[in-house]
Amino acid sequence: MAWTTPRQDPDRSRRRLQLLAELAGARAVRQRSRPQRQRTERLRQLIATRRRVVG
């Protein structure tokens, strides 16, 4: 018995491609925001260290 894949309807295929594109876009935004998050975390650490030294 040969394996055959059922044909998807065009609407389902279009929605799937749209969802995959949205996920890829969200992933790209998240990767771009990581450096900003790292800078923010580093700045918080520096401020906390300075407060300990000064205070």
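Counting restarts for each chain, with residues numbered from 1 along the sequence as it is written. With the structure being a predicted model, the display of local features is reserved for residues of pLDDT at least 70 and the display and counting of side-chain atom pairs for 80 or more, all residues being used for whole-chain, interface and lining totals. Values shown for side chains rest on all heavy atoms present in the structure; no hydrogens or waters enter the calculation.

1. Points about the overall build of the protein chain
For step 1, the next point in the chain: In this text, helices come from DSSP runs of H or I with a minimum length of four residues, and strands from runs of E with a minimum of two, each type numbered from the N-terminal end. Counting secondary structure elements, the protein chain contains one helix and zero strands.
For step 2, the next point in the chain: Burial classification: accessible surface area is computed with a 1.4 Å probe over protein chains only, and a residue below 20% of its type maximum counts as buried, one above 50% as exposed, and the rest as partly exposed. Sorting the 55 residues of the protein chain into buried and exposed places 0% on the buried side.

2. Observations concerning a positive patch on the surface
For step 1, the next point in the chain: Residues enter a patch when their relative accessible area is above 30% and they make no salt bridge; the linking distance is 9 Å between like charges and 5 Å between nonpolar side chains (Val, Leu, Ile, Met, Phe, Trp, Tyr). Computed by Shrake-Rupley with a 1.4 Å probe, the accessible areas treat only the displayed protein chains as cover when residues are assessed. Any Lys or Arg side-chain nitrogen found within 4 Å of a carboxyl oxygen on Asp or Glu counts as a salt bridge. When charges are tallied, Lys and Arg are placed among the positive residues and Asp and Glu among the negative ones, while His and the ends of the chain are skipped. For charged residues, the charge sits on one atom: NZ in Lys, CZ in Arg, CG in Asp, CD in Glu. Taken together, the side chains of Arg27, Arg30, Arg34 and Arg37 make up a positively charged region of the molecular surface.
For step 2, the next point in the chain: The residue Arg30 is located in helix H1 (residues 10–54) in this model.

3. Remarks on a nonpolar patch on the surface
For step 1, the next point in the chain: Where nonpolar side chains cluster on the molecular surface, the patch consists of Leu17, Leu19, Leu20 and Leu23 and spans about 370 Å² of accessible area.
For step 2, the next point in the chain: Along the polypeptide, Leu20 turns up in helix H1.
For step 3, the next point in the chain: Judged by its relative accessible area of 40%, Leu20 falls in the partly exposed class.

4. Examining the pattern of salt bridges
For step 1, the next point in the chain: As enumerated under the stated definition, the model contains two salt bridges in all.
For step 2, the next point in the chain: The closest approach of N and O atoms between Asp11 and Arg14, which form a salt bridge, is 2.5 Å. One end of the pair is Asp11 and the other is Arg14, both in helix H1 and three residues apart, which spans about a single turn.
For step 3, the next point in the chain: In this structure Arg14 comes out as partly exposed when scored by relative accessible area, which is 46%.
For step 4, the next point in the chain: A salt bridge links Arg15 to Asp11; the shortest N-O distance between them is 3.5 Å. Within this pair, Arg15 and its partner Asp11 are both found in helix H1, separated by four residues, close to a single helical turn.

Keep in mind these numbers describe shape, not what the thing actually does.
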